[in-house]
Amino acid sequence: MKYVLVTGGVVSGLGKGVTASSIGVVLMACGLRVTSIKIDPYLNTDAGTMSPFEHGEVFVLDDGGEVDLDLGNYERFLDLKLTRDNNITTGKIYQSVINKERKGDYLGKTVQVVPHITDAIQEWIEHVAMIPVDGKEGPADVCVIELGGTIGDIESMPFIEALGQFSYRVGPGNFCLVHVSLVPVLNVVGEQKTKPTQHSVRGLRGLGLTPNILACRSTKALEENVKEKLSKFCHVPAANIITLYDVSNIWHIPLLLRDQKVHEAILKGLNLLGVAGEPALEEWTSRAEICDTLHEPVRIAMVGKYTGLSDSYLSVLKALLHASVACRRKLVVEWVAASDLEESTRIEAPDLHKAAWDLLKGADGVLVPGGFGDRGVQGKILAAKYARENDVPFLGICLGMQIAVIEFARSELNMQDANSTEFDANTTNPCVIFMPEGSKTHMGGTMRLGSRTTYFQVPDCKSAQLYGNVKYVDERHRHRYEVNPDMITQLESAGLSFVGKDESGRRMEILELPTHPYFVGVQFHPEFKSRPGKPSALFLGLIAASCGHLEAFLQNPNITNMSHSQKSLVNGASNSKIYQNGIKNKHANGSHNIYLNGNGVHA
């Protein structure tokens, strides 16, 4: 097994995750099999209980693992199915060591960070690296490891020590270290400054790790004299110093690495030059170029709770982006804070209320994503009501589906107090109830999590057609509450159709409003399995309906496998334009385009 370690220096948020993913893309394009591991030095055993404001979205894997959003980057870029063990945290390591100590596995010895914690880290890496995640037999050729945080962080010290020992143990021909650092440009001077990277590399070397490749984040390509200076002071060949400069969209990053011959440096360091070929990235190049040419917009109102932080809905944004590219439209996301739509905001802040409703009414489609807690619920209900009554394409995910059911019951069944027992335990019309697949009292790991099968009940419904007329689909879940099965007869008699259910027929998975152009709610999270070359079927449906082209998509049974090199069914152009130097570009009308930030992170 060969290992590529990606570390970061100077500041966080430089784009280690995208860099690690892009390295994987290039190596796979060279014909190698790749797996990946993300190390998070925090004490939480997983990301499940973290606030989206704190850490961005929680990404859910097939096995139910609640992990860091960077594993979402790996899965999307590399089209892999990772496991919960591909995300290592300090909490997991310490828990495993303490469990061993309690069982007496250490034979009465004093349990210490070195060697017990560091050995556990190395054993975990070696074990997980051997597990195939690409659907093929046997282990991968290369394992790309990303160490979260920044060199010098106190919590990452055990991992640095373990990885230093690990690099020595596996040998120089089996270990390659890529250090991502910052080369800022001071406005006053106007020149690229190397001192932060020098200090970062000095600190890394002092901790026992020597970088083979420097990946420098900067606004523009490194000047040759800057490369020479870095080479001299950091003891890295100039040919192995690359620039990750600002690009028009995130899919250019693997192409940047290829153009700067990063694959050659890595393959040489891993003694794989004779094994691997030149990277074949034609489809990837085509996708990146398509993104740059898109101009005709499709506006999607994202009605949510965490609209101040786009990373909270990262996978949803990516899935919208993938679908927009397939439909050849430029994605424009209108961020609508759900609470701003409510009557209380109209009284307290009428300008905010009007602005939110203007954005909602100006959108081509409406999306209500998942979430927890009752803040903004009434605003989401109002958004679902607006979309239903005005024939605006609508997609509700998890809580978004539950909201749609509550709104329908209130409006069409005249159940004024219809609600979820999550928000009103005493409602006389509980449309959404706690479905026991976990505990109400413990927060961590108690939900209905991971991949579950949904069986289509109506063969010719829109959802089934978008999935390619299959009988069932496997999608990932993360929730505690579900539509009350005892109310299904009433809801369906009023016109709502539950077209997808689980194997028991008691859990509602997909709802549609047959009389509506596109009104779909799903209990699962389809965004987690969307890929750049294989967009999520239901997101494709939303974007196609928002463009007025859903019928054309429904006539093509292979839509979800549409390649970017194939001719699109829809004329026009798509993608979220990527902007530099900021996570969102806010326009005068309040809309935001999705974007790759100036630090080369998420797009």
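Residues numbered from 1 in each chain as written. Predicted model: local features only at pLDDT ≥ 70, side-chain atom pairs only at ≥ 80, totals over all residues. Heavy atoms only, no water.

## Thoughts on the overall build of the protein chain
Move 1: Looking only at helices and strands, the protein chain features 20 helices and 23 strands.
Move 2: Here the protein chain, with 603 residues, has 61% of them falling under the buried criterion.
Move 3: Intrachain contacts of the protein chain at a sequence separation of at least 6 include 72% that bridge at least 24 residues.
Move 4: Surface exposure of the protein chain reaches about 23300 Å², of which carbon and sulfur atoms provide 50%. (Helix = DSSP H or I, 4+ residues; strand = E, 2+ residues; numbered from the N terminus. Buried < 20%, exposed > 50% of the residue type's maximum accessible area, 1.4 Å probe, protein only. Contact = heavy atoms within 4.5 Å. Areas by Shrake-Rupley, 256 points an atom, 1.4 Å probe, with all protein chains shown as cover.)

## Focus: the pairing of strand β10 (residues 297–304)
Move 1: In terms of burial, β10 is a largely internal element, six of the eight residues being buried.
Move 2: Relative to strand β11 (residues 330–337), β10 runs parallel, the two being bridged by eight bridges. Note that in β11 the partner of G304 across the bridge is A337. (Pairing = 2+ DSSP bridges.)

## A short note on the packing of aromatic side chains
Move 1: Going through the model one piece at a time under the given rule, you end up with 10 aromatic pairs.
Move 2: Centroid distance F166 to F175: 6.5 Å. Interplanar angle 75 degrees. Geometry classified as edge-to-face.
Move 3: Relative accessible area serves as the criterion here: at 7%, F175 is assigned to the buried category.
Move 4: Centre to centre, the rings of W357 and Y386 are 6.3 Å apart; their planes meet at 80 degrees, and the pair counts as edge-to-face. On the criterion of sequence distance, the pair formed by W357 in helix α14 (residues 350–361) and Y386 in helix α15 (residues 377–389) is long-range, its members being 29 residues apart. Residue W357 shares its accessibility class with Y386, and that shared class is buried. (Phe/Tyr/Trp six-rings, centres within 6.5 Å; stacked < 30°, edge-to-face > 60°.)

## Digging into the environment of L163
Move 1: As for its placement among the helices and strands, L163 is situated in helix α6 (residues 157–170).
Move 2: C-alpha separation for the pair L163 and L209, spaced 46 residues apart in sequence, amounts to 7.9 Å.
Move 3: Leaving out residues up to four positions away in the same chain, L163 has contacts with L5, I39, I125, L147, F175 and L209.

## Some thoughts on the pattern of salt bridges
Move 1: Inspection of every chain in the model, using the stated rule, returns 33 salt bridges.
Move 2: With a closest N to O distance of 3.0 Å, K38 and D40 form a salt bridge.
Move 3: We classify K38 as buried; its relative accessible area is 3%.
Move 4: For D40, a relative accessible area of 4% translates into the label buried.
Move 5: One salt bridge connects D79 with K534, and the closest N-O pair in it is separated by 2.7 Å. With D79 in the loop between α3 (70–78) and β5 (87–89) and K534 in the loop between β21 (519–522) and α19 (537–547), this residue pair connects regions lying 455 residues apart in the sequence.
Move 6: When salt bridges that share partners are traced, they join D62, E75, D79, K81, R476, R531 and K534 into one network. (Salt bridge = Lys/Arg side-chain N within 4 Å of Asp/Glu carboxyl O.)

## A word on α19
Move 1: Most of α19 is tucked away: 11 of the 11 residues are buried.
Move 2: Trailing α19 by a residue or two, G548 shows a phi angle of about 80 degrees, which is positive.

## Remarks on α3
Move 1: Of all the nine residues making up α3, nine are buried; the element is thus mostly covered by neighbouring parts of the structure.
Move 2: Within α3, the full set of buried residues consists of D70, L71, G72, N73, Y74, E75, R76, F77 and L78.
Move 3: Just beyond α3, the residue with positive phi is D79, at close to 55 degrees.

## Side note on a nonpolar patch on the surface
Move 1: On the surface, L186, V188 and V189 cluster together into a nonpolar patch covering about 310 Å² of accessible area.
Move 2: For L186, the position within the fold is in the loop between β7 (175–182) and α7 (195–206). (Patch = residues over 30% accessible without salt bridge, like charges linked within 9 Å, V, L, I, M, F, W, Y side chains within 5 Å.)

## A closer look at the side chain of R388
Move 1: Residue position: R388 is located in helix α15.
Move 2: R388 gets classed as buried once you look at its relative accessible area, which sits at 10%.
Move 3: R388 has contacts with E407, F408, S411, E412, L513, H516 and F519, leaving out every residue within four places of it along the chain.

## A short note on the environment of T197
Move 1: Relative to the assigned elements, T197 resides in helix α7.
Move 2: In this structure T197 comes out as buried when scored by relative accessible area, which is 0%.
Move 3: Apart from residues lying up to four places away in sequence, T197 is in contact with V10, S181, L182, V183, L214, L230 and C234.

## Regarding empty space enclosed by the protein
It is the rolling of a water-molecule-sized probe over the atoms that shows where space remains empty.
Move 1: Taken as a whole, this structure holds four cavities of 30 Å³ or more when the rule is applied.
Move 2: For the second largest cavity, the calculated volume is near 80 Å³.
Move 3: Every residue lining the second largest cavity is listed: G371, F372, C398, L399, Q402, E422, R478, H479, R480 and Y481.
Move 4: Breaking the lining of the second largest cavity down by element, the ones donating at least two residues are α16 (399–412) and β17 (472–479). (1 Å grid on protein atoms, 1.4 Å probe; cavity = no way out; pocket = protein on both sides within 12 Å on 5 of 7 lines; lining within 4 Å. Points joined across faces, edges and corners; volume = space filled by probe spheres on them.)

## Remarks on the nonpolar core
Move 1: Among the nonpolar cores identified, the biggest contains 102 residues, and V4, L320 and L367 are the most heavily contacted of them.
Move 2: If one sorts the elements of this core by residue count, α19 sits on top with nine residues.
Move 3: Those residues within four positions of L367 in sequence are excluded, and the remaining contacts are I300, A301, M302, V303, V316, L320, L395, I397, F539 and L542.
Move 4: Listed in part, the 45 residues of the second largest apolar core include I381, A418, C431 and F498. (Core = buried A, V, L, I, M, F, W, Y, C linked by side-chain atoms within 4.5 Å.)

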